[in-house]
Amino acid sequence: ALIPEYPELLAGDQIDREVHRRFLLVRTEMPISDEEGGASRWSLDHLFVDQDGMATLVELKRQSDSRLKSDVVGQILGYAANAATWTAGQLQRVFEETCSQLEPVVDPTDALKTFLRDRDPDGFWDLVAGRIHKGEMRLLIVADHVPQELVRIVEFLNAQMSTTEILAVEVQRYVAGEYAT
């Protein structure tokens, strides 16, 4: 529940130490179809974009989930393979829906301009969709514990893939007295 509200938990400063990645939430529970315009078959936990228009697909797992080791890799690769069904119009539309559901409601045009800072927002969603269609995306597996077995799989895949980046991010939960973070 904290990831959409605090995207800095995705470690954008560690993904690129020179130009820290910043993330803008496009949608939680992003539907994925196996054909353009088709019915949704799957649901990605979170879809973010970074300031350069790279889609960041986020799948969350708990240490207690038996699918954390190797099944999650197949799951997120399947989502990435089918993300090409997303169009620029669809991405913009779901972002606008996300903004309308925030408390307080946020104007999507203002949110995008603020996120992009000095960059022109015109054509941003075309850029995102174009990068997705070329396979230029980032896949993040976020877990409360990343087992060594998953680390090896992620390292192997990154050595083999040139346009898609896959990372595992460990976000630990701390409890101190009555406070949990």
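Residues numbered from 1 in each chain as written. Predicted model: local features only at pLDDT ≥ 70, side-chain atom pairs only at ≥ 80, totals over all residues. Heavy atoms only, no water.

**Structural notes on the overall build of the protein**
Part 1: When helices and strands are counted, the protein shows seven helices and seven strands.
Part 2: Radius of gyration (C-alpha) of the protein: 16 Å, near the 16 Å computed for a compact globule of 181 residues.
Part 3: Taken along its principal axes, the extent of the C-alpha atoms in the protein is 40 × 40 × 35 Å.
Part 4: Burial statistics for the protein: of 181 residues in total, 41% are counted as buried.
Part 5: Long-range pairs, those at least 24 residues apart, make up 64% of the contacts in the protein between residues at least 6 apart in sequence.
Part 6: On the protein, roughly 10,200 Å² of surface is accessible, and the fraction owed to carbon and sulfur atoms is 47%.
Part 7: Charged side chains in the protein number 18 positive and 31 negative. The centres of these two groups are separated by 3 Å. (Helix = DSSP H or I, 4+ residues; strand = E, 2+ residues; numbered from the N terminus. Rg over C-alpha atoms; globule rule 2.2 N^0.38 Å. Buried < 20%, exposed > 50% of the residue type's maximum accessible area, 1.4 Å probe, protein only. Contact = heavy atoms within 4.5 Å. Areas by Shrake-Rupley, 256 points an atom, 1.4 Å probe, with all protein chains shown as cover. Lys, Arg positive; Asp, Glu negative; His and termini not counted. Charge placed at Lys NZ, Arg CZ, Asp CG, Glu CD.)

**Quick word on the pattern of salt bridges**
Part 1: Here the structure, examined in full by the defined rule, presents nine salt bridges.
Part 2: Put simply, Asp 52 and Arg 119 hold a salt bridge, and the shortest N to O gap is 2.4 Å. In this pair, Asp 52 sits in the loop between strand S2 (40–50) and strand S3 (55–61) while Arg 119 sits in the loop between helix H5 (108–116) and helix H6 (124–133), placing the two residues 67 residues apart along the sequence.
Part 3: Counted as one network, the salt bridges with shared partners bring together Arg 21, Asp 50, Asp 52, Arg 119, Arg 138 and Glu 165. (Salt bridge = Lys/Arg side-chain N within 4 Å of Asp/Glu carboxyl O.)

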